[in-house]
Amino acid sequence: MPELPEVEAVCRKLRPAEGARVIQMRFTRPSLAKPQRASRIEQKVAGAVIQQIARRGKNILLWLDSGDALHVHLRMTGNLLLVPDVRLRSVGTRAWMELEGGRGIIYEDPRALGKIHLLTRDEVDKKLSAVGIEPLSDTFTLEHLASQAANSRKPAKLFLMDQRHVAGLGNIYAAEALFRARVHPQRPIGELRKPKLTALHTAIRDVLAEAMDSAVAAYAEPDRFNEGESFPCAVYDREGEPCPRCGRKVKRIPQGGRSTYFCGGCQK
DNA sequence: TCGATCCTGTAG
DNA sequence: CTACAGGATCGA
């Protein structure tokens, strides 16, 4: 689930926990904390107050009154939820926190590829210094994108998925943005001229903004399945289906060890 | 810069 | 059974 829009939606759902004190924290899958020690994190988080919940790219930060922060990365299948009763946690739970008053923050992750670390301010700063610009902020200008892209031979899709350039795009929205901008995923990003870059800049912002609306709407409902609310993909996971623009068949190619979907007809 | 790796679930 | 998955890191 989690690219920028979904991670943002998760943060919004957690925000009512701001100001709450943590009674206890437990890892039911200690390897999520690696290379840190899960037991040490449990020990240090117990008794702390969650002051602020923030997002940077796909990174989630739970700032504590101790000055440290719990850094959570959902990776492929992670999810965080705030529940009214911490005892209601399910079998997919990999870690959990009991809050004052009985509420709970639950971390679920079927594949258990996610990460939960306890970082100092300095460690957070260092971590985030490697993260690129927020694509939905005012600072993400065409000029900024152009300067990042200049002189790079990296294939456009891999460039978009590289968190050091633009933070928050993943396999789905990178593909969707390229489709809208009519850019071929293997095209070296540095070859794009002003008009194409402009289209790509717009496409990134539009795709993410629309996906954000879907994600927030879907997550707003108290945990029921909202199939209809999800973002309508034009090409992602649509191999063999007709392109909604030109009707040619959507293709799938491997790129960076992942699948890229695109239309060979209109993405050049 | 690329492939292997971390894990488990599900679809074909 | 194999292939693949909305991600990122590490070592060659």
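What you are looking at is a predicted structure, and each value in this text was computed from that prediction instead of being measured.

Participant: Just checking my understanding: could you explain empty space enclosed by the protein for this structure?
Facilitator: One way to see where empty space is left: roll a probe the size of a water molecule over the atoms. This model, assessed by the stated rule, comprises 1 cavity of 30 Å³ or more. Approximately 60 Å³ is the volume attributed to the largest cavity. Every element with two or more residues in the lining of the largest cavity is listed here: β4 (69-73), β6 (93-99) and β7 (104-108). Per-class residue counts for the lining of the largest cavity are 12 nonpolar, no polar and no charged.

Participant: Please explain the nonpolar core as it appears in this structure.
Facilitator: Generally speaking, nonpolar side chains in soluble globular proteins are found buried as a group. With 36 residues, the main nonpolar core has Phe27, Val45, Ile60, Leu70, Leu80 and Ile116 as its most contacted residues. In terms of residues, this core owes the most to one element, helix α1 (residues 4-14), which gives 5 residues. Shared between two domains, this core holds at least three residues of each, these being domain 1 (4-127) and domain 2 (142-263). Setting aside chain neighbours within four positions, we find Val45 in contact with Val22, Met25, Leu64, Leu70, Met97 and Leu118. Residues Ile133, Leu145, Met161 and Leu192 belong to the second largest nonpolar core, which totals 28 residues.

Participant: Before we go on, may I ask you to explain the side chain of Lys58 in this structure?
Facilitator: Relative to the assigned elements, Lys58 resides in the loop between β2 (50-56) and β3 (59-64). Polar side-chain contacts of Lys58 include one of 3.1 Å to the backbone oxygen of Leu169. Here Lys58 is in contact with Pro2, Glu3, Leu4, Val7, Val72, His73, Gln163, Gly168, Leu169 and Gly170, once residues within four sequence places are set aside.

Participant: Quick question: what am I supposed to make of the packing of aromatic side chains here?
Facilitator: Think of a pair of aromatic rings as described by two things: how far the centres are apart, and how the planes are tilted against each other in angle. For the coordinates displayed, the defined rule picks out 2 aromatic pairs. Between Tyr173 and Phe231, the ring centres sit 5.5 Å apart and the planes meet at 85°, which makes this aromatic pair edge-to-face. Of the two residues, Tyr173 is situated in helix α6 (residues 171-181) and Phe231 in the loop between α7 (194-220) and β9 (250-255); the sequence distance between them amounts to 58 residues. Take Tyr173 and Phe231: they sit in the same class, and that class is buried. Between Tyr236 and Tyr261, the aromatic rings sit 5.2 Å apart at their centres with planes inclined by 70°, giving edge-to-face as the arrangement. Highlighted residues: Tyr236 in the loop between α7 and β9 and Tyr261 in strand β10 (residues 258-263), separated in sequence by 25 residues. Assessed through its relative accessible area of 9%, Tyr261 is described here as buried.

What counts, and at which threshold
Residues numbered from 1 in each chain as written. Chains lettered and ligands numbered in written order. Predicted model: local features only at pLDDT ≥ 70, side-chain atom pairs only at ≥ 80, totals over all residues. Heavy atoms only, no water. 1 Å grid on protein atoms, 1.4 Å probe; cavity = no way out; pocket = protein on both sides within 12 Å on 5 of 7 lines; lining within 4 Å. Points joined across faces, edges and corners; volume = space filled by probe spheres on them. Helix = DSSP H or I, 4+ residues; strand = E, 2+ residues; numbered from the N terminus. Nonpolar A, V, L, I, M, F, W, Y, C, P; charged D, E, K, R; others polar. Core = buried A, V, L, I, M, F, W, Y, C linked by side-chain atoms within 4.5 Å. Buried < 20%, exposed > 50% of the residue type's maximum accessible area, 1.4 Å probe, protein only. Domains from an automatic or database assignment. Contact = heavy atoms within 4.5 Å. Polar contact = N/O pair within 3.5 Å; in protein donor to acceptor, adjacent residues only side chain to side chain. Phe/Tyr/Trp six-rings, centres within 6.5 Å; stacked < 30°, edge-to-face > 60°.

Limitation: the analysis is restricted to geometry and does not speak to function.
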